[in-house]
Amino acid sequence: MQSDIINDLAALEQLYGQPAAPSVFKEVSYIHPIYRPFIEAAPFAALSTVGPDGMDVSPRGETAGFIHIEDQKTLLLPDRRGNNRIDSLRNILHDDRVALLLLIPGIGETLRINGRAEILVAPAVLQRFAHRNMLPRSVLRIRVEAVFFQCSRAILRSGLWDEASRLERSALPSTGSILAEVSKTRFDGEEYDGALPQRLRDTLY
């Protein structure tokens, strides 16, 4: 009887066939000059890590160019103020493998970067990423192992950059209502939502 679940590589390769040549040739082990503009133009990245307690994908965003290209094999990524869960950083201490997915508004292609990271806290390094005299808590130094672009199909299918795809924030539960619901009303959702805009302005960096 044919199984409904793929559980071996041979069956998986038979189902999908061989990858197209461009999808193989596009991958390089360093920051090729042709990929550099994508990194410099990206204001957003998803940082993926794995650790003993599981996986994490964490958003990272700032003005374009916030991911600094140190050299062909090295990126520097400042860690700005957040919620102090430090899931990604905790994972990196256990397993230094990381992956980045870079998004650029209006651009269909995404850029994927795989490498190994370490957490830097040297004052001179932090000072390089000062913003309005505020320093990041730490900076990730990522040793690049693979760089390649992902074609635009996913972005096109999702309509991510299409104006017609935009939702009003009120169409989804507010952060306060989520906290109130999942915490079984230990949080005052209305109070949280009311204070949130000012809190975001005060604590953005």
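As recorded by an unreviewed UniProt entry, the protein chain carries the name Pyridoxamine 5'-phosphate oxidase, FMN-binding family and is attributed to Serratia ficaria.

Colleague: Residue-level account of a nonpolar patch on the surface, with values.
Modeller: A surface patch of nonpolar side chains, about 560 Å² in accessible area, is lined by Ile6, Leu9, Leu12, Leu15 and Tyr16. When its relative accessible area of 44% is taken as the criterion, Ile6 is described as partly exposed.

Colleague: Please give an account of the packing of aromatic side chains that cites residues and values.
Modeller: In this structure the tally under the stated criterion is 0 aromatic pairs. Above the face of the Phe149 ring, Lys26 is positioned so that its terminal group lies 4.8 Å from the ring centre. Geometry around Tyr192 places Arg199 over its ring, the cationic atom sitting 4.4 Å from the centre.

Colleague: Give me the pattern of salt bridges: which residues, what numbers.
Modeller: Where charged atoms from two side chains of opposite charge approach closely, those side chains can pair. Tallying each qualifying case throughout the model produces 11 salt bridges. For Arg36, the salt bridge identified is with Glu40, shortest N-O distance 2.9 Å. Of the two residues, Arg36 and Glu40 both sit in helix 3 (residues 36-41), 4 residues apart, roughly one turn of that helix. Owing to a relative accessible area of 36%, Arg36 belongs among the partly exposed residues under this scheme. With a shortest N-O distance of 2.7 Å, Asp96 and Arg116 are connected by a salt bridge. Highlighted residues: Asp96 in the loop between helix 4 (87-94) and strand 5 (97-103) and Arg116 in strand 6 (residues 110-120), separated in sequence by 20 residues.

Colleague: An account of unusual backbone geometry is needed here, citing residue identities and associated values.
Modeller: The residue Ile86 is not glycine, and still its phi comes out positive at about 50°. For Ile86, the position within the fold is in the loop between strand 4 (74-79) and helix 4. In the Ramachandran plot, Asn133 falls in the positive-phi region, its phi being about 65° despite a non-glycine side chain. Relative to the elements of secondary structure, Asn133 occurs in the loop between helix 5 (123-128) and strand 7 (138-150). By relative accessible area, Asn133 is classed as exposed at 78%.

Colleague: I'd love a proper account of the sheet that holds strand 2 (residues 54-61), names of residues and values included.
Modeller: Spatially, 7 strands are ordered 2-1-5-6-7-4-3 in an open sheet, and the strand pairing comes out antiparallel. Strand pairing shows two members of the sheet lacking a second neighbour, strand 2 and strand 3 (68-71), which therefore form its edges. With direction set aside, neighbouring strand axes in the sheet form an average angle of 35°. Helix 4 contacts strand 1 (44-51), strand 2, strand 4, strand 5, strand 6 and strand 7 of the sheet and is inclined by roughly 45° relative to strand 1.

Colleague: Outline helix 1 (residues 9-16), supporting the account with residue identities and numerical values.
Modeller: Of all 8 residues making up helix 1, only 0 are buried, and the element is barely covered by its neighbours. One or two steps after helix 1, the chain reaches Gly17, where phi turns positive at roughly 75°.

Colleague: An account of the pairing of strand 6 is needed here, citing residue identities and associated values.
Modeller: As paired elements, strand 5 and strand 6 share 6 bridges and run antiparallel to each other. When the sheet's bridge partners are listed, Val98 is paired in strand 6 with Gly115. Taking the residues between adjacent antiparallel strands as the criterion, strand 5 and strand 6 are bridged by 6 residues, where Gly106 takes a positive phi near 85°. Examined bridge by bridge, strand 6 and strand 7 share 11 bridges and lie antiparallel to one another.

So, how was this worked out
- Residues numbered from 1 in each chain as written.
- Predicted model: local features only at pLDDT ≥ 70, side-chain atom pairs only at ≥ 80, totals over all residues.
- Heavy atoms only, no water.
- Patch = residues over 30% accessible without salt bridge, like charges linked within 9 Å, V, L, I, M, F, W, Y side chains within 5 Å.
- Areas by Shrake-Rupley, 256 points an atom, 1.4 Å probe, with all protein chains shown as cover.
- Salt bridge = Lys/Arg side-chain N within 4 Å of Asp/Glu carboxyl O.
- Buried < 20%, exposed > 50% of the residue type's maximum accessible area, 1.4 Å probe, protein only.
- Phe/Tyr/Trp six-rings, centres within 6.5 Å; stacked < 30°, edge-to-face > 60°.
- Lys NZ or Arg CZ within 6 Å of the ring centre and 35° of its normal.
- Helix = DSSP H or I, 4+ residues; strand = E, 2+ residues; numbered from the N terminus.
- Pairing = 2+ DSSP bridges.
- Axes fitted to C-alpha atoms, helices over the stretch in contact; angles between N-to-C directions.
- Contact = heavy atoms within 4.5 Å.

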